[in-house]
Amino acid sequence: MSFDNKVVLITGASSGIGAATAVAFARDGAEVVIVANETPTKLKKVQQDCAKVGKPPLIIKADVANDDDIQKIVKETIAKHKKLDVLVNNAGIVRLGTILDGKVTAIYDELIKVNVRAVVQLTTLAAPYLVKTKGNIVNVSSVSGITINNPEMGAYCTTKAALSHFSRATALELAPHGVRVNIVSPGPVYTDLLNNAGVSTTFEETSVTALNRISGPEEIADLIIFLASDKAKGITGSNYVSDNGMLLIK
Ligand SMILES: NC(=O)c1ccc[n+]([C@@H]2O[C@H](COP(=O)([O-])OP(=O)(O)OC[C@H]3O[C@@H](n4cnc5c(N)ncnc54)[C@H](OP(=O)(O)O)[C@@H]3O)[C@@H](O)[C@H]2O)c1
């Protein structure tokens, strides 16, 4: 698929699904903008990986939980490229806690800022530019927005369900302006997500799938690329699950 002359902004692009998505868009000719917060060295590595197959992306170090940083993301993207064609809201975190262990309120506040509020704010600031280009948005949710496989993940699941519903509301609002909005809901994917949450269990220990396999981040990147492309011109407000059949046996 060709994304020549298309500007693609990806949050959470320093590792995992976001990093694989950045490389995939670069390979298809896009001008990519990559955003993450904690580890600039990881962003530099992704920039180098993109440069091997396409144009080197613009790096923006920003905390999506911070209002000023969200403004900076849009400002620097437009300053460099003058337009925006695709927004991939991918940055996300996992935190564990339950009602009875007393942690749920604190982790809910942390999760909602990154997994939902950041998307709401970035969508608001990016929308005028996407309307101009008749661009599109892909939001990375989760099968956890559809089912709950562990009570400790309850707050995370709640934020992903909220993200999916916000995506549908956005799709409805922006459709008359020619802007599509879709959701990708991965099942288990080998990334740093659990490590970054300080969880010691592995994806193998926590996931049972019908196909008895766990995805690589490139599989999710392929789905994001498809939804962002003209091949998906009739698709909006849809939720594409890629979970190795996990929901079949839940
Ligand atoms: N892996 C899975 O099994 C799975 C399944 C379903 C859904 N997902 C979703 O997929 C998305 C990507 O996750 P992943 O699995 O690729 O995990 P990951 O490797 O941990 O990547 C998460 C990315 O988000 C960034 N990020 C986190 N907090 C941020 C903040 N406050 N500001 C800016 N960037 C931030 C991280 O960068 P920094 O740490 O450098 O800030 C990193 O680039 C998430 O939304 C996740 O919920 C993953």
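So, here is what we can say about the structure in this document. This structure is a prediction, so every number in the text was calculated from the model and none was measured.

1. A short note on the side chain of Asn139
Right, on to step 1. When you line up the elements, Asn139 lands in strand S5 (residues 136-140).
Right, on to step 2. Residue contacts for Asn139: discarding those within four places in its chain leaves Asn89, Val119, Leu163, Ser167, Val181, Asn182, Ile183 and Val184.

2. What to know about the packing of helix H1 (residues 16-27) against helix H2 (residues 40-53)
Right, on to step 1. At their nearest, the axes of H1 and H2 sit 8 Å apart, and the two run at 25° to each other. As the angle between them shows, H1 and H2 are arranged roughly parallel. As for how H1 packs across H2, the hand of that crossing is right-handed. In contact with Ala19, Ala22, Val23, Ala26 and Arg27 of H1, H2 contributes Val46, Asp49, Cys50 and Val53.
Right, on to step 2. Here the contact of H1 with H2 is composed, by residue class, of seven nonpolar, no polar and two charged.

3. Here we look at the packing of aromatic side chains
Right, on to step 1. This model, assessed by the stated rule, comprises two aromatic pairs.
Right, on to step 2. A centroid spacing of 4.9 Å and a plane angle of 80° characterise the contact between Phe3 and Phe25, whose relative ring orientation is edge-to-face. Note that Phe3 is positioned in the segment before strand S1 (7-11) and Phe25 in helix H1, a separation of 22 residues in sequence.
Right, on to step 3. Residues Tyr190 and Phe203 carry aromatic rings whose centres are separated by 6.5 Å and whose planes lie at 90° to one another, so their mutual orientation is edge-to-face. Of this pair, Tyr190 sits in the loop between strand S6 (180-186) and helix H6 (193-196) while Phe203 is found in helix H7 (residues 203-206), placing the two residues 13 residues apart along the sequence.
Right, on to step 4. What makes Tyr190 partly exposed here is its relative accessible area of 40%.

4. A few points about the site of the ligand
Right, on to step 1. The ligand sits among 32 residues. The nearest are Ser14, Ser15, Asp63, Tyr156 and Thr191.
Right, on to step 2. With respect to the ligand, the side chain of Ser14 contributes an N or O atom lying 2.7 Å from an oxygen atom.
Right, on to step 3. Taken by itself the ligand offers 880 Å² of open surface, and the protein chains cover 94% of this.
Right, on to step 4. For the shell around the ligand, the elements supplying multiple residues, two or more each, are H1, helix H5 (154-174) and H6.
Right, on to step 5. Taken together, the residues that form the shell around the ligand break down as 15 nonpolar, 13 polar and four charged.

5. Topic: helix H3 (residues 67-81)
Right, on to step 1. The terminal C-alpha atoms of H3, which comprises 15 residues, lie 22 Å apart, in line with the 21 Å expected from a rise of 1.5 Å per residue.
Right, on to step 2. Every buried residue of H3 is listed here: Asp69, Ile70, Ile73, Val74, Thr77, Ile78 and His81.
Right, on to step 3. In the core, the buried residues of H3 are packed alongside S1, strand S2 (31-36), strand S3 (58-61) and helix H4 (104-133).
Right, on to step 4. Its side-chain oxygen placed 2.9 Å from the backbone nitrogen of Asp68, Asn66 serves as the N-cap of H3.
Right, on to step 5. A positive phi of about 70° marks Lys82, the residue just after H3.

So, how was this worked out
Residues numbered from 1 in each chain as written. Predicted model: local features only at pLDDT ≥ 70, side-chain atom pairs only at ≥ 80, totals over all residues. Heavy atoms only, no water. Helix = DSSP H or I, 4+ residues; strand = E, 2+ residues; numbered from the N terminus. Contact = heavy atoms within 4.5 Å. Axes fitted to C-alpha atoms, helices over the stretch in contact; angles between N-to-C directions. Parallel < 35°, antiparallel > 145°, perpendicular 65-115°, else oblique. Left-handed = near helix turned anticlockwise from the far one by under 90°. Nonpolar A, V, L, I, M, F, W, Y, C, P; charged D, E, K, R; others polar. Phe/Tyr/Trp six-rings, centres within 6.5 Å; stacked < 30°, edge-to-face > 60°. Buried < 20%, exposed > 50% of the residue type's maximum accessible area, 1.4 Å probe, protein only. Near = heavy atom within 4 Å. Polar contact = N/O pair within 3.5 Å; in protein donor to acceptor, adjacent residues only side chain to side chain. Areas by Shrake-Rupley, 256 points an atom, 1.4 Å probe, with all protein chains shown as cover. Expected span 1.5 Å × (residues − 1).

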